[in-house]
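# Chains, contacts and geometry: an overview
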Amino acid sequence: MALLQISEPGESPGPHRHRLAVGIDLGTTNSLVAAVRNGIAVVLNDHDGHALLPSIVRYLRDGGVAVGRGAEAEQARDPRNTIVSVKRFMGRGLKDVTHAENSPYDFLDLPGMVQIRTVAGVKSPVEVSAEILKVLRARAEESLVGKAGGELAGAVITVPAYFDDAQRQATKDAGKLAGLNVLRLLNEPTAAAIAYGLDNAAEGIYAVYDLGGGTFDISILKLSKGVFEVMATNGDAALGGDDFDQRLFCWVVERARLAPLSSEDTRLLLTQSRAAKEFLTTHLEARISATLMSRETVDVTVTQKEFQEMTRPLVAKTLGPTRKALRDARLEWSEVKGVVMVGGATRMPHVQQMVAELFGQAPLNNLDPDKVVALGAAIQANVLAGNKASGDDWLLLDVIPLSLGIETMGGLAERVIPRNSTIPVARAQEFTTYKDGQTAMSIHVVQGERELVSDCRSLARFELRGIPPMVAGAARIRVTFQVDADGLLSVSARESTTGVEAAIAVKPSYGLTDEQITQMLKDSFDHAKDDVHARALREQRVEGERMLEATEAALREDADLLSTEESAALRTELDALRKTLACTDHRTIKSGIERVNRASEAFAGRRMDRSIKRALAGRKVESL
Amino acid sequence: MNLNQNHFELFDLPARFAVDAAALEARYHELQREVHPDRFAAAPDPERRASMQLATRVNEAYQTLKSPLRRAVYILQLRGVDPEFETRTSMPPQFLIEQMGWRERIEAGSENPEALLRLRAGLRDESRKIYEKLQAQLDEGRDDGAASETTRVLMFYEKLDDEIDDKLAELET
C-alpha cells in the first residue's frame, strides 16, 4: 500500500505537490530556460534538441510572430521587422540608444521607452522581450507541466549585474507580459556562482568573470556554509563578444581593401568573422572567404596570433573593473580562491590567459559558460517556489551595482545608498528648504557614481507639496529610499514637522544605456579632479547666493542699525560678491563671501542684540 | 524579532566596541535565513512586505556593527552622546598639520600606484592604533567625550583612505 504524504509544518498546505518553476537567461544574443528535475538542474531543449533560442523576433504582416531560428534565417531579408539584440533597448529612450541612425529599425521617440514601428504595429522593447519569454514559457510548460500536470508556479529571470533600475523594471514587466509570475530578478554572475558553488561544494572567496555577447560583469562572492554573499560587483556594460567580431570584421575589410559595404554584405562578413573567431579558439588559423553582392570576392586568412593581438585591448578593458571590484571588496588577489568563467566569450584562449595572469591561478571552466546562468536561475527558482529539499537550505545576499542619490542645490548628487550595498536596503536622509516660505520641494532621484547630477542617470522626479511656510532651513524633509530584493527602488518623502507625505515607486520613463553606465563610471574616474573643482564651484555659488539673499533681507529689516558709510561699505561688498558668482574659480567666490562676512560682522552683532532685546521684552509681557 | 531592539540586542551581542566578528557574521546569516525575501517569494503580499522590512533592518544593523567607525558612532548615540560630526569641525592644530602632511603625500604619489598602496598600508596601520585607543575609551575608560574626539579623528582617516582609493581608480582608466 502506498504511504500517504504529509507536508512539513509551515509548507504549502495539503499533500505537497512539487511546484514547477523555471530559470530564464534572457540574453542579448541567445536565451535559455532551465528547471530542476529530480533534484538536478537541466536546460530544457526545443523539439530539435536546441538549448539556445536566438534572441531574435520577427513581426509578420498577418500579425504573426516568429521567434528564434526562424526569425534569424530571415534577418537579412526583412531587417526592419526582425528585431535582434532587443536587450540593448530595454528601459531606454531613443536618445540613449547608440548608433540608432545605423540601425535598420523605424524608431519612435515616444516619452518613456523607445518604440519600434513594424508591419504588425508599434512594439516596445518590453513587448519584443515578452515574445522571447513566451516561447521559453511554452517550452517549459510542454516539457514539465505536460508530464507532471499542474501549472508553472513562476520564473526567475536573470539580468546583467550592471542593469540599472529602469532596465530591471523593464525586464520584470516583460516577464509579466509573457504571463510569467516573476519570482525574482537575479544577477547573472550571481546565478553562475550558485550553480558552480552548489555543484562543487565551494567555500571561500570566488570571483565570477562573465563576458557575454554584449556585457561584462565581474562579481566577488564569499561562499560559506551555504551562504552566497556578493561582496562587490563591477563591469563594463558595453563590452562583449560582439566587439571581438566587429574588430575582426574591420580587419578583414581593411585587409581585403573593400569599398564601403551594403548592410547585407556587412551582415554576411560579420557572421563569417564570428565563425572565424570561434574557430580560432581551437585552431591556429582561420579562413574567411565570401562572394559579396557587389561581386567582389573576399579570401583572407587570419592567424590566432593576429586575432589575439588585434583584440588584446578589448581583453585589457576588463582589468580596470576587476581591480575596482576587488578593492571595493577590500581584498587582495591572493585571497581569491577561484575564478569562475561565464559567457561564451570566455572561451577565447587569450581571455583565459589574461585572467590566469591577473589572478595568479588557472580559471575554473568545468561548467558550460553558455548554460551556467540559466542553471543557477533554475536552482533559485526551485527554492523560491517553495520546494525545499535537503541541501537547498542556502541563502543568497546580493548588492546594488550603482549608487543611488538625490539632487541637491547647485546640481549636486547627494549619495543616499552607496554602490555594493546588500539588498534589501533602505536609507533615509533629511533635507531642508533653501528659501524662506518655500512650500514645495522637487525631488530628483539619480543613479551613478559622479558628483554632478548632470553626469548621473536620471531615474525619476516627483514633488512634495504643502510644506508649511517656514524660514529657509527650518523644514525637515525626510527622503527614504527602499531597494527591494529585485534591486528595484521606491522613494518616499515626508515633512516631519507636519507629516506632509509624498511617495513614489520609481518607474523611470527610460533607463541608462550600457554605454552610458560604462561612460559614467569611466568619467567618474577620469574626471575625479574636475568633479572636485566643479563641486566646490557649485557649493560656493550656492553659498554666495544664500549670503546675498540673507544679507539683503537683513538690510531691508534692520537698515537703521547701520550708519550711511557702513551701509554703503556693505553694499559695495555685496555687489562685488554678486559679480564673482559668474566666475569659474571657487576661491574667488569664497573670498567674496568672506569679505561680505567681515563687512557685516558688526551689523550681525547689532541685529543679534536687537532680537535678544525683543525676546526679553516678550517674556516680560508674558510674565506679567 | 523585535523591531524595538537596538542593533546589539538584535544580534545578541554585548553593546561594546570590541566585537566578535565571527559571531556577528554567524548571527547575521542566521537572522537572514529567517527573514530574507527569498524565503517568502511565494508568500502573500503582507508577508512579503514584512520580510522585506525585516531583512532591510537586519542589513542595516549588520552594516552598522561591522564597520568600526559606524559602530563607534552608534555606541555613542546609544549612550546619548551626539558626536556632532556635522557641526563641530574644530580639531587640534597638530592633528590638522598631520592631515595636511598625509594629503601632500597622497598628492605627490598620485601618479604611482606602488606609492599609493604603501601610503594606504601606512594609513591603515595608523588608524588601527587609533581604533585600539578608541576601544579603550569606549569599553574600559568609558570616556565618551574623548571617544567622540577619537571618532572624529578616524573620520578624517576614512576620508584619506577614500581619496587614495579614488587616486588608484583614476590611474586605471
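Bear in mind the structure is a predicted one, so any value in this text is a computation, not a measurement. (Residues numbered from 1 in each chain as written. Chains lettered and ligands numbered in written order. Predicted model: local features only at pLDDT ≥ 70, side-chain atom pairs only at ≥ 80, totals over all residues. Heavy atoms only, no water.)

### Comments concerning the pattern of salt bridges
Quick note on the threshold: Definition used for salt bridges: Asp or Glu carboxyl oxygen within 4 Å of a side-chain nitrogen of Lys or Arg. Only DSSP runs of H or I covering at least 4 residues are called helices, and only runs of E covering at least 2 are called strands; the numbering of each starts at the N terminus. For the exposure calls, accessible area comes from a 1.4 Å probe over protein chains only, and a residue counts as buried if that area is under 20% of its type's maximum, exposed if over 50%, partly exposed in between.
One pass over the full model with this rule turns up 37 salt bridges over all chains. Residue Asp-106 of chain A pairs with Arg-80 of chain A through a salt bridge whose shortest N-O separation is 3.8 Å. Of the two residues, Asp-106 of chain A sits in strand β8 (residues 106-108) while Arg-80 of chain A sits in the loop between α1 (69-73) and β7 (82-84), which places them 26 residues apart along the sequence. In this structure, Asp-299 of chain A and Arg-287 of chain A form a salt bridge, with 2.9 Å as the shortest nitrogen-oxygen distance. Highlighted residues: Asp-299 of chain A in strand β17 (residues 297-303) and Arg-287 of chain A in strand β16 (residues 285-291), separated in sequence by twelve residues. A relative accessible area of 47% means that Asp-299 of chain A is categorised as partly exposed. On the basis of relative accessibility, which here comes to 58%, the residue Arg-287 of chain A falls in the exposed class. Residues joined in a network through salt bridges with shared partners are Lys-172, Arg-184 and Asp-486 of chain A together with Asp-38 of chain B.

### With respect to the domain arrangement of chain B
The cut-off we apply is this: Where each domain starts and ends follows an automatic or database-derived domain assignment.
Taken domain by domain, chain B comprises domain 1 (7-66) and domain 2 (93-172). The centre of domain 1 of chain B, based on its C-alpha atoms, is set 30 Å off from the matching centre of domain 2 of chain B.

### Notes on the pairing of strand β2 (residues 30-37) of chain A
All names here are of chain A. This is how it is decided: Criterion used throughout: strands pair if DSSP finds at least two bridges between them.
For β2, the tally of buried residues reaches six of eight residues, placing the bulk of the element in the interior. Inspection of the sheet shows strand β1 (residues 20-26) paired to β2 by five bridges, in the antiparallel sense. When the sheet's bridge partners are listed, Val-22 is paired in β2 with Ala-35. With antiparallel pairing between neighbouring strands as the criterion, β1 and β2 make up a hairpin whose turn holds three residues.

### Regarding the pairing of strand β21 (residues 412-417) of chain A
Along any regular strand the residues' side chains alternate between the sheet's two faces. All names here are of chain A. With five bridges connecting them, strand β20 (residues 404-408) and β21 associate as antiparallel partners. Across the sheet, residue Leu-404 finds its bridge partner in β21, namely Ile-417. The antiparallel pairing of β20 with β21 creates a hairpin that spans three residues between the two strands, and Gly-410 there sits at a positive phi of about 85°.

### Details of the sheet that holds strand β9 (residues 115-118) of chain A
Residues and elements named next belong to chain A. For clarity, the cut-off: Only the stretch in contact is used when a helix axis is fitted, and all axes are lines through C-alpha atoms; the angle between N-to-C directions ranges over 0 to 180 degrees.
With respect to topology, three strands assemble into an open sheet ordered β8-β9-β10, the strand pairing being antiparallel. Of all the strands in the sheet, the pair left with one neighbour each is β8 and β10 (121-123). The sheet shows a mean angle of 35° between the axes of neighbouring strands, taken without regard to direction. Where β8 and β9 come together, three bridges link them in antiparallel fashion. Following the sheet pairing, Phe-107 is matched in β9 by Ile-116.

### What about the packing of helix α7 (residues 304-316) of chain A against helix α9 (residues 349-359) of chain A?
Residues and elements named next belong to chain A. The test is simple: Orientation categories follow fixed angle ranges, with anything under 35 degrees roughly parallel, anything over 145 roughly antiparallel, 65 to 115 roughly perpendicular, and all other angles oblique. Should the near helix be turned anticlockwise from the far one by less than a right angle, the crossing is left-handed, and should it be turned clockwise, the crossing is right-handed. Between two residues, a contact is recorded if the distance between any of their heavy atoms is within 4.5 Å.
Running from amino to carboxyl end, α7 crosses α9 at an angle of 50°, the nearest separation of the two axes being 9 Å. With respect to α9, the axis of α7 lies oblique. In this structure, α7 crosses over α9, and the sense of that crossing is right-handed. Touching Gln-304, Phe-307, Gln-308, Thr-311, Arg-312 and Val-315 of α7 are Pro-349, His-350, Val-351 and Met-354, all from α9.

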